[in-house]
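Architecture at a glance
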Amino acid sequence: MPAHRFRNPAPAAPPSVVQIVAGRTWLHGRLESIEIGIDEDGWIRRVAKSLTGAPRRDFGEAVILPSAVDLHVHFREPGGDPRVESVADGTIEAALGGIGLAADMPNTRPPTDRVDRLTERADRARGRAAIDLLLYATPTRPDQIPALGRAAGAFKLFLGPTTGIGSPPDPLELPGLLRAVADTGLPLTVHAEDPEAFPPGPEPADTVDWDRRRPKAAEARAIDRLGSGPARLRLHVAHITDPESIPRLAAQGVSFEATPHHLLLETNPGDGPRRKVNPPLRSPADRAALFRAFREGRIPVLASDHAPHSIAEKDRPFALAPSGVPGVETMLPLLLEEVRRGELDLGVLVRAAMERPARWLGQPMGRIAPGHRAHLIVVDFRDRRTIASRRLHAPCGWTPFEGWPAIFPGTHLLYGVPIVEDSEHVGRAVGRVHRPEFAPGVRPPSS
Ligand code: DOR
Ligand code: ZN
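These notes cover the structure that comes with them. (Residues numbered from 1 in each chain as written. Chains lettered and ligands numbered in written order. Predicted model: local features only at pLDDT ≥ 70, side-chain atom pairs only at ≥ 80, totals over all residues. Heavy atoms only, no water.)

1. Let's talk about the overall build of the protein chain
For the protein chain, the count of helices and strands is 12 helices and 18 strands. For 447 residues, the compact-globule estimate of 2.2 N^0.38 gives 22 Å, and the C-alpha radius of gyration of the protein chain, at 22 Å, lies within 12% of that figure. On the principal axes, the C-alpha backbone points of the protein chain span a range of 85 × 55 × 40 Å. Each of the 447 residues in the protein chain was classed as buried or not, and the buried ones make up 58%. Contacts in the protein chain between residues at least 24 apart in sequence constitute 71% of all its contacts with a sequence separation of at least 6. Summing over all exposed atoms, the protein chain offers an accessible surface of approximately 18100 Å²; the carbon and sulfur share of this is 51%. (Helix = DSSP H or I, 4+ residues; strand = E, 2+ residues; numbered from the N terminus. Rg over C-alpha atoms; globule rule 2.2 N^0.38 Å. Buried < 20%, exposed > 50% of the residue type's maximum accessible area, 1.4 Å probe, protein only. Contact = heavy atoms within 4.5 Å. Areas by Shrake-Rupley, 256 points an atom, 1.4 Å probe, with all protein chains shown as cover.)

What follows is the structure, encoded as structure tokens:
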């Protein structure tokens, strides 16, 4: 046989840049002009001061950022009322709010505690998701965990009762659950409220009462209980509300998030069920301390905990109304307005809303760099709008941020393809369902 038959085949030509996106971006602590080369598969291939050789789209002085990653949404499928939310609507809201991947929670009806239920959710997303998704599973028994770990994107444990979750795990079972999740290598997000710290009391009538009925002490106790998990567990605590949780979690090397509602809204006597959430809003002093910590970069992740309910449900008496507020469309726009006002550094926001959640979920996005998905948003800080529920896209039809100023991205590209133009949703549903790159049995996408 001729010798050349044994030579390595010539390497396949690398995919070439088929479009260039130009503008300014946040690099090295300041806004700099940049040109981004995107290949035919929708990956960032080159980043330079100046690129040639492909059609260019120039955004001038506007700011190009990586799409955000929201690691906490409730899109309510299956089992939810489609007039309140669906994967199709929720992902369009997310696209318009600058989010390129959302991790969807498992307190579905029925809860996502079996592989066939995960498969059903992935099937429902196919061809209907405007952005990328990652699907959480929630184990109700430790023996379900290994199989779920081969199919899910991440795990969620609810330590306190909440929508769709009647009985949180027995405290004695928790160490076993944490060990089994750690063995899968997948990330675990925990709703950290310990119901043993909920004091009895009269029927709650406003947000001040709700804060008393599910106090900060319940968060501290739940975080203590998480200490029973193995060190190798990839642990993230959802929606912290107590400023004192921050140094404790940071010292333990645990990831955690704050939501826009806990950063921007506070308890107020007489405030009704449209501001009822789990965990509750806290006092003005705690809210201000939480925002200060976020501004100082001491809260690693921003997440929406988008949890819509119908107006009819939310306008029931406080004690009977479900907890949760919609927020996936308004999260980033509200915080971009804080940047415009000089209350927040853009670099802090990019790390909390883009870089860290992407890394946490093992997703090659959240950065404008070669080898990352070309999920990009374009922001014009002069284009300030007022949030109005009739202009938002959530079918539930209300927002706790009515009348707040915000900055919505004008353009959003997913895999280099426009999904938002002139602040309107356009194009096909090109979103995909992903698992972490480090998940067992998952080959990293080519980069
Ligand atoms: O307020 C909340 N709403 N907290 C949760 O933990 C669940 C969520 C929902 O699904 O409605
Ligand atoms: Zn939630």
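2. Observations regarding the coordination of the zinc ion (ligand 2)
Around the zinc ion (ligand 2), the donor atoms from the protein are His72 (NE2), His74 (NE2) and Asp305 (OD), and they sit 2.0 to 2.2 Å away. Sequence spacing of the donors to the zinc ion (ligand 2): H-x1-H-x230-D. Residue His74 is found in the loop between β5 (68-73) and α1 (87-96), and its partner Asp305 is found in the loop between β12 (301-302) and α10 (311-314); the two are separated by 231 residues along the sequence. Of the two residues examined, His74 and Asp305, each falls in the buried class. (Donors = N, O, S within 2.8 Å, 3.2 Å for Na, K, Ca; no water.)

3. Looking at the nonpolar core
Core analysis: the largest hydrophobic core is formed by 94 residues, its most contacted members being Leu65, Leu188, Leu302, Leu335, Leu336 and Leu349. By residue number, the principal contributor to this core is helix α12 (residues 346-360), which donates 7 residues. Not counting residues within four places of it along the chain, the set of residues in contact with Leu188 comprises Phe155, Lys156, Leu157, Leu178, Val181, Leu233, Arg234, Leu235, His236 and Trp360. Judged by nonpolar contacts, the second largest core, of 14 residues, contains Val69, Ala103, Tyr136 and Ala154. (Core = buried A, V, L, I, M, F, W, Y, C linked by side-chain atoms within 4.5 Å.)

4. Quick look at the pattern of salt bridges
Applying the stated criterion across every chain, the model contains 35 salt bridges. A salt bridge links Arg24 to Glu61, with the shortest nitrogen-to-oxygen separation between them at 3.8 Å. Taken together, the residues span a long stretch of sequence, with Arg24 in strand β1 (residues 17-27) and Glu61 in strand β4 (residues 56-66) at a distance of 37 residues. Residue classification places Glu61 among the exposed residues on the basis of a relative accessible area of 57%. Ionic pairing is found between Asp58 and Arg56, a salt bridge with its closest N-O pair at 3.7 Å. For Arg56, a relative accessible area of 44% corresponds to the partly exposed category. One network of salt bridges, in which partners are shared, links Glu77, Glu120, Arg124 and Arg128. (Salt bridge = Lys/Arg side-chain N within 4 Å of Asp/Glu carboxyl O.)

5. Description of the sheet that holds strand β8 (residues 154-158)
Strand order in the open sheet made by the 8 strands is β5-β6-β7-β8-β9-β10-β11-β12, with parallel pairing throughout. Looking along the sheet, the strands with just one partner apiece sit at the ends: β5 and β12. Where β8 and strand β9 (residues 188-191) come together, 4 bridges link them in parallel fashion. If you follow Leu157 over to β9, its bridge partner there is Val190. Against the sheet, helix α2 (residues 115-125) touches β6 (99-104) and β7 (132-137), its axis set at about 165 degrees to β7. (Pairing = 2+ DSSP bridges. Axes fitted to C-alpha atoms, helices over the stretch in contact; angles between N-to-C directions.)

6. Notes on the packing of helix α11 (residues 331-340) against α12
Look at α11 against α12: their axes get within 10 Å of each other, and the N-to-C directions meet at 160 degrees. Overall, the two elements α11 and α12 adopt an arrangement that is roughly antiparallel. Here α11 runs over α12; the crossing is right-handed. Residue-level inspection shows Leu332, Leu335, Leu336 and Val339 of α11 in contact with α12, the latter providing Leu346, Leu349, Ala353 and Met354. The residue inventory of the contact of α11 with α12, partitioned by class, reads 8 nonpolar, no polar and no charged. (Parallel < 35°, antiparallel > 145°, perpendicular 65-115°, else oblique. Left-handed = near helix turned anticlockwise from the far one by under 90°. Nonpolar A, V, L, I, M, F, W, Y, C, P; charged D, E, K, R; others polar.)

7. Concerning the site of ligand 1
Neighbouring residues of ligand 1: His74, Arg76, Asn107, Thr162, Thr163, His191, Val277, Asn278, Ala307, His309, Ser323 and Gly324. In the model, an oxygen atom of ligand 1 is placed 2.8 Å from a nitrogen or oxygen of the Arg76 side chain. Asn278 is positioned such that a nitrogen or oxygen atom in its backbone is 2.8 Å from an oxygen atom of ligand 1. A breakdown of the residues in the shell around ligand 1 according to their chemical character gives 2 nonpolar, 9 polar and 1 charged. (Near = heavy atom within 4 Å. Polar contact = N/O pair within 3.5 Å; in protein donor to acceptor, adjacent residues only side chain to side chain.)

Fair warning: the whole summary comes from geometry, so function is off the table for now.
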